[in-house]
Number of protein chains: 4
Amino acid sequence: MVSFNRVILAGNLTRDPELRFTNDGIPVCSFGLAVNRRRSKSEEVDFFDISAWRELGETIANYKKKGDPILVEGRLQFRSWEDRESGQKRSKVDVVADNVQFLGGRGDGDGSNGGGGGGQRSRSGAGARSGGGGRDDVDLNEEDFDDIPF
Amino acid sequence: MVSFNRVILAGNLTRDPELRFTNDGIPVCSFGLAVNRRRSKSEEVDFFDISAWRELGETIANYKKKGDPILVEGRLQFRSWEDRESGQKRSKVDVVADNVQFLGGRGDGDGSNGGGGGGQRSRSGAGARSGGGGRDDVDLNEEDFDDIPF
Amino acid sequence: MVSFNRVILAGNLTRDPELRFTNDGIPVCSFGLAVNRRRSKSEEVDFFDISAWRELGETIANYKKKGDPILVEGRLQFRSWEDRESGQKRSKVDVVADNVQFLGGRGDGDGSNGGGGGGQRSRSGAGARSGGGGRDDVDLNEEDFDDIPF
Amino acid sequence: MVSFNRVILAGNLTRDPELRFTNDGIPVCSFGLAVNRRRSKSEEVDFFDISAWRELGETIANYKKKGDPILVEGRLQFRSWEDRESGQKRSKVDVVADNVQFLGGRGDGDGSNGGGGGGQRSRSGAGARSGGGGRDDVDLNEEDFDDIPF
DNA sequence: TTTT
DNA sequence: TTTT
């Protein structure tokens, strides 16, 4: 069975990142990303929902805010559910980040991202480094947490 | 303004590709793509809607059918509208292909993809090669055709 | 500091994969990949050297052979050294795989890849799942093994 | 025949871009790109040679200089030749850009990239737009110009 | 629900 | 050193 799923986006946060935790205490960060189209005529922006887990999510929540430019590498995720009110089937495509690059931004020197400027965190990196007894080395997939509020 | 938007997916067609034409006669092909997750526990497949324009779309419509494996390179597209019945705002994320690779498939030799097997078409390639007077050298963007039925 | 490095290639193995081990027993698999150009006029093929570590490398070595089609996701790696004979500076760009998709191939049913056909292994996945006491959970980077023979 | 070839890199120019022209007057821009490794221990930077053709190349040559951050999307290219002195076979892997994003940089306000900051040019875009009689609508591939000095 |  |  052939399967491959890779997305790379760069744009600006449409809102401050929001950090939540699953029942098991796994951090998950959500934010919106606006990606401007080049050479577009009518609609000019694409809006996406991004989520980032664990250390990667925490780093984004700690350092990024509405308007900041960011590069996101991840995979497309499809989810479907039944609408409570109408009973209709609904679905949604969003992005699960597994690597992120903080882009330089406007050099507004507000201190929160001071000194070096950029920064980068990769989810797999986070996992790879956990040799201790933290929650990171539990063998979990995002799919275990479909009950989280999104 | 930083902006980047690139998606690469490989999976199988969930339905036969459908070829339609805009009012101006531009061909646009639509199909569904199922991408299996690796190492998933609960949900196991992601489903996406793909569209491909002009020559690229025609080639897919001519050679591919439900179940066929394909590699799609393109960009994520966001669209929003107001639901007629409920008046609610709705939105959707799908993929506009600009390059496609026909994957070898199951070697079932049904003739529709016989002889060579593979094949590949790129939308930009199609555009670049058009030196004649066909509709391909009109300077149009997909955005001009938001009125098409999808 | 902005940095991003992502490569995705699909083509055919130019030779049987070769599996070696570092002094510390880390497996590393090397193979050549031929990627045909589309719409080319003169030169028609690009040739690349790929390496894959640990479980991912072992899987490739176990299941793939010269001629097999494969999809490789990884990063570009630059290496430089001084040529022993001429004393000149030399360098090389190759690819370190961190995810691989076995493509269906020619359905020649030779048994070595029988039954299911495809298959997929990701290095990060391999690392993430290792909760035991194997060598996989040592915190190592490929950079530690620059002394390996390549 | 399965074939796919996509590279996405972000880093900084290692030298001012150099603009040359083929005998037929096609502009080609060359520059070096330094991409820092994350989490590396020994070697810390990967260096690549990039080339960009036509309008895309001209834009880079006009707006970018040594040190500037840039995002490059393109394809890997393999070239081989015989070394004149030693008679040995040599080869090289570099990147042909077909899309570029100017990253914000350090906001050093030197005027050459003033006002807006960013900018983006795509080679396929350039080709697609050429409806006139310029050299852009000649049907040429980079492969025609292997004689250029690189 | 939308960023520069 | 080169694959289909």
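Residues numbered from 1 in each chain as written. Chains lettered and ligands numbered in written order. Predicted model: local features only at pLDDT ≥ 70, side-chain atom pairs only at ≥ 80, totals over all residues. Heavy atoms only, no water.

As named in an unreviewed UniProt entry, chain A is Single-stranded DNA-binding protein, taken from Rubrobacter marinus. If you open the UniProt record of chain A and go to Subunit (unreviewed entry), you find "Homotetramer." (UniProt positions renumbered as here; feature names shortened; annotations may be inferred.)

It is worth spelling out the overall build of chain A at this point. Across its full length, chain A carries two helices and seven strands. When the helices and strands of chain A are read in sequence order from the N terminus, they spell out β-β-β-β-α-β-β-β-α. In chain A, of all internal contacts separated by at least 6 residues, the share reaching a separation of at least 24 is 59%. Carbon together with sulfur atoms contributes 45% to the accessible area of chain A, which is approximately 6800 Å² in total. (Helix = DSSP H or I, 4+ residues; strand = E, 2+ residues; numbered from the N terminus. Contact = heavy atoms within 4.5 Å. Areas by Shrake-Rupley, 256 points an atom, 1.4 Å probe, with all protein chains shown as cover.)

Along a regular strand, successive side chains alternate from one face of the sheet to the other. All names here are of chain A. Of all ten residues in strand β3 (residues 27-36), nine are buried; the element is thus mostly enclosed. By the bridge criterion, four bridges tie strand β2 (residues 18-21) to β3 in an arrangement that is antiparallel. Looking at β3, one finds that Arg-20 is bridged to Val-28. Hairpin geometry of β2 and β3 is characterised by an intervening segment of five residues between the two adjacent antiparallel strands and by a positive phi of about 85° at Gly-25. Sheet analysis places β3 next to strand β4 (residues 45-53), joined by nine bridges and oriented antiparallel. Paired with Leu-33 across the two strands is Phe-48, which belongs to β4. (Buried < 20%, exposed > 50% of the residue type's maximum accessible area, 1.4 Å probe, protein only. Pairing = 2+ DSSP bridges.)

Here we come to unusual backbone geometry. We note that Arg54(B) has phi near 55°; this positive angle belongs to a residue other than glycine. Its place among the elements puts Arg54(B) in helix α1 (residues 54-63).

We now examine the protein's contact with DNA strand F. The full set close to DNA strand F counts 15 residues, and Asn12(C), Asn36(C), Val45(C), Met1(D) and Lys89(D) are the nearest of them. Looking at DNA strand F alone, sugar and phosphate atoms form 46% of those within 4 Å of the protein. At 3.0 Å from a base oxygen of DNA strand F is found a side-chain nitrogen or oxygen belonging to Asn12(C). Within the side chain of Asp49(C), a nitrogen or oxygen atom sits 3.3 Å from a base oxygen of DNA strand F. Listed by contribution, the elements that provide at least two residues to the surface near DNA strand F are β1 (4-13), β3 (27-36) and β4 (45-53) of chain C. A per-element tally of the surface near DNA strand F places β4(C) first, with three residues. Its residues placed into classes, the surface near DNA strand F shows six nonpolar, four polar and five charged. (Near = heavy atom within 4 Å. Polar contact = N/O pair within 3.5 Å; in protein donor to acceptor, adjacent residues only side chain to side chain. Nonpolar A, V, L, I, M, F, W, Y, C, P; charged D, E, K, R; others polar.)

This part covers the pattern of salt bridges. Applying the stated criterion to the full structure yields 39 salt bridges over all chains. Notably, a salt bridge pairs Glu73(A) with Arg6(A), separated by 3.7 Å at the nearest N-O pair. Note that Glu73(A) is positioned in strand β5 (residues 69-82) and Arg6(A) in strand β1 (residues 4-13), a separation of 67 residues in sequence. Both residues of the pair, Glu73(A) and Arg6(A), belong to the buried class. With a shortest N-O distance of 2.7 Å, Asp46(D) and Arg37(D) are connected by a salt bridge. In this structure, a network of salt bridges that share partners links the residues Arg6(A), Glu73(A), Asp98(A), Arg6(C), Glu73(C) and Asp98(C). (Salt bridge = Lys/Arg side-chain N within 4 Å of Asp/Glu carboxyl O.)

Topologically, Ser3(A) is positioned in the segment before β1. Overall, Ser3(A) belongs to the buried group, its relative accessible area being 5%. A polar side-chain atom of Ser3(A) sits 3.0 Å from the main-chain carbonyl oxygen of Asn36(B).

On to the environment of Asn12(C). Structurally, the position occupied by Asn12(C) is in strand β1. Not counting chain neighbours up to four residues away, the residues in contact with Asn12(C) comprise Gly32(C), Leu33(C), Ala34(C), Asn36(C), Gly67(C), Asp68(C), Pro69(C), Met1(D) and Val2(D).

A separate point is the pairing of strand β4 (residues 45-53) of chain B. Of the strand pairs in this sheet, β4(B) and strand β6 (residues 89-102) of chain B are connected by three bridges, and their pairing is parallel. By the bridge assignment, Ile50(B) is partnered in β6(B) with Val95(B).

Another point: the environment of Gln88(B). Residue and element names in this part refer to chain B. In this fold, Gln-88 is placed in the loop between β5 (69-82) and β6. We classify Gln-88 as partly exposed; its relative accessible area is 38%. Along the primary structure Gln-88 and Ser-3 are separated by 85 residues, whereas in three dimensions their C-alpha atoms are 29 Å apart. Filtering out sequence-adjacent residues up to four positions away, Gln-88 remains in contact with Trp-81, Glu-82 and Asp-83.

Around DNA strand E, a shell composed of 15 residues is seen, among which Asn12(A), Val45(A), Asp49(A), Met1(B) and Lys89(B) lie nearest. Of all DNA strand E atoms lying within 4 Å of any protein atom, the proportion belonging to sugar or phosphate reaches 45%. Within the contact set of DNA strand E, a base oxygen lies 3.0 Å away from a side-chain nitrogen or oxygen of Asn12(A). Here Lys89(B) contributes a side-chain N or O atom positioned 3.5 Å from a phosphate oxygen of DNA strand E. Mapped onto the surface near DNA strand E, the elements with two or more residues apiece are β1, β3 and β4 of chain A. Ranked by residue count, the leading element in the surface near DNA strand E is β4(A), at three residues.

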